[in-house]
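Structural description and commentary
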Amino acid sequence: MEERKPLIAGNWKMNLDIGDAVNLVRSIGASLAAGGTDREVLIAPPFTSLQAVKEAIGDSRIFLAGQNMHWEMKGAYTGEISGRMLQQVGCTHVILGHSERRTLFRETSNMVDLKVKSAVLLGLIPIVCIGESLEERESDRTFAVLEDQLNASLQNFRADELMPGSTILAYEPIWAIGTGKTATPEQAQEVHAFIREWIEKTFGQVPAREVRILYGGSVKPSNIEELMSMPDIDGVLVGGASLKADQFIPIIHYGT
Ligand code: PEP
């Protein structure tokens with residue numbers, strides 16, 4: 001059985017100007033060139049830095065992702081970016097349905113589903129985010145909420161009865177994002193195992209084995225090793241700590 005390669009992904013959100021973004025990616029590239037890890041590394045800079053960051057990536061093994069996209073290929077959608085546009089600047093992946101998109105910009109799971117479909121048609125790998133709020137967790141609704149999000153955000157996969165093994169899911173409990181509160185490795189593992197079971201019951205054993213499930217929520221150098229020791233945690237989606245070389249690089253090289 002092929003192993004799921006650990007993926008360390010950084011979501012830079014609306015941070016770093018172009019010069020800082022280029023400097024950070026150069027530092028990450030240099031740390032990878034120095035060797036010691038074959039982990040996959042991915043960064044999602046703001047749209048305006050993508051081109052410059054792609055050039056700075058050069059030959060280093062860093063994947064580039066958009067933080068969002070529209071599901072249409074082109075048209076009168078002021079302020080939006082298409083998947084094709086992301087590809088033109090070198091993106092191979094796209095983050096979809098981040099909780100900040102869902103809560104601050106009223107993105108629904110139906111919209112996420114349209115985006116996932118469009119991304120996959122283009123050959124972009126979607127990183128589909130799901131996660132429960134504190135109130136949902138405290139009222140024991142975590143699994144029901146996540147199941148609803150999965151069902152609705154992956155409707156097109158369900159209609160086709162096919163989930164590409166390259167799809168990436170990210171479990172990001174909203175109460176742990178940017179708050180300094182991390183889910184314990186056991187809490188995260190419990191949810192990741194639930195998600196993997198959902199994939200198996202919905203799409204079968206092969207995608208359940210292949211799909212990588214990332215954890216996101218206040219990941220830092222001090223908790224990465226424990227999180228990554230869990231059998232169903234295949235990587236991490238890092239926000240705040242991905243903005244600083246002295247935090248993100250140790251996360252990439254955890255345990256080495
Ligand atoms: C995120 O927004 O995807 C995230 C996990 O942020 P942070 O690491 O800052 O909690």
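Here goes a summary of the coordinates provided. Keep in mind that what you see is a predicted model, and the values were worked out from it rather than measured. (Residues numbered from 1 in each chain as written. Predicted model: local features only at pLDDT ≥ 70, side-chain atom pairs only at ≥ 80, totals over all residues. Heavy atoms only, no water.)

Turning next to the nonpolar core. In this structure, Ile28, Ile43, Leu154, Leu169, Ile195, Ile199 and Tyr215 are the most contacted members of the largest nonpolar core, which totals 63 residues. Among the elements that make up this core, the one with the highest residue count is helix H9 (residues 185-203) (seven residues). Excluding residues that lie within four positions of it along the chain, Ile195 makes contacts with Ile130, Leu150, Leu169, Tyr171 and Ile213. (Core = buried A, V, L, I, M, F, W, Y, C linked by side-chain atoms within 4.5 Å. Buried < 20%, exposed > 50% of the residue type's maximum accessible area, 1.4 Å probe, protein only. Helix = DSSP H or I, 4+ residues; strand = E, 2+ residues; numbered from the N terminus. Contact = heavy atoms within 4.5 Å.)

Let us now look at helix H12 (residues 245-252). Within the sequence span of H12, burial applies to Phe248, Ile249, Ile251 and Ile252. Looking straight down H12, one finds that the buried residues subtend no more than 160 degrees of arc, so they occupy a single side. Here the buried face of H12 lies against strand E1 (7-11), helix H1 (18-33), strand E2 (40-44), helix H11 (224-228) and strand E8 (235-238). (Arc of directions from axis to C-beta.)

At Leu16, a residue that is not glycine, the phi angle is positive and equals roughly 75 degrees. Assignment of secondary structure puts Leu16 in the loop between E1 and H1. Leu16 gets classed as partly exposed once you look at its relative accessible area, which sits at 27%. Positive phi is not limited to glycine here, since Arg106 has a value of about 55 degrees. For Arg106, the position within the fold is in the loop between helix H4 (99-104) and helix H5 (109-122).

Glancing now at the site of the ligand. Lys13, His98, Glu172, Gly178 and Ser218 are the nearest of the 15 residues found near the ligand. One nitrogen or oxygen atom from the side chain of His98 is found 2.8 Å from an oxygen atom belonging to the ligand. Gly239 places a polar main-chain atom, nitrogen or oxygen, 2.8 Å from an oxygen atom of the ligand. A total of 290 Å² of accessible area belongs to the ligand in isolation, and the protein chains cover 95% of it. Residue composition of the shell around the ligand, grouped by class: four nonpolar, eight polar and three charged. (Near = heavy atom within 4 Å. Polar contact = N/O pair within 3.5 Å; in protein donor to acceptor, adjacent residues only side chain to side chain. Areas by Shrake-Rupley, 256 points an atom, 1.4 Å probe, with all protein chains shown as cover. Nonpolar A, V, L, I, M, F, W, Y, C, P; charged D, E, K, R; others polar.)

Turning our attention to the packing of helix H7 (residues 142-153) against H9. When two helices pack together, their arrangement is given by the angle between their axes and by how far apart the axes lie. Running from N to C, H7 and H9 point in directions that differ by 40 degrees, and their axes come no closer than 11 Å. With respect to H9, the element H7 is oriented oblique. Between H7 and H9 lies a crossing of right-handed hand. Contacts between H7 and H9 involve Thr142, Phe143, Leu146, Glu147, Leu150 and Asn151 from the first element and Glu190, Val191, Phe194, Ile195, Trp198 and Lys201 from the second. Of the residues belonging to the contact of H7 with H9, the class tally is seven nonpolar, two polar and three charged. (Axes fitted to C-alpha atoms, helices over the stretch in contact; angles between N-to-C directions. Parallel < 35°, antiparallel > 145°, perpendicular 65-115°, else oblique. Left-handed = near helix turned anticlockwise from the far one by under 90°.)

Our focus in this paragraph is the pairing of E8. Where burial is concerned, the two faces of E8 agree: the one with Gly235 and Leu237 and the one with Val236 and Val238 are both buried. Pairing of E1 with E8 involves four bridges; the strand directions are parallel. If you follow Leu7 over to E8, its bridge partner there is Gly235. Relative to E8, strand E7 (residues 212-216) is paired through three bridges, and the arrangement is parallel. Looking at the pairing, Tyr215 lines up with Val236 of E8. (Pairing = 2+ DSSP bridges.)

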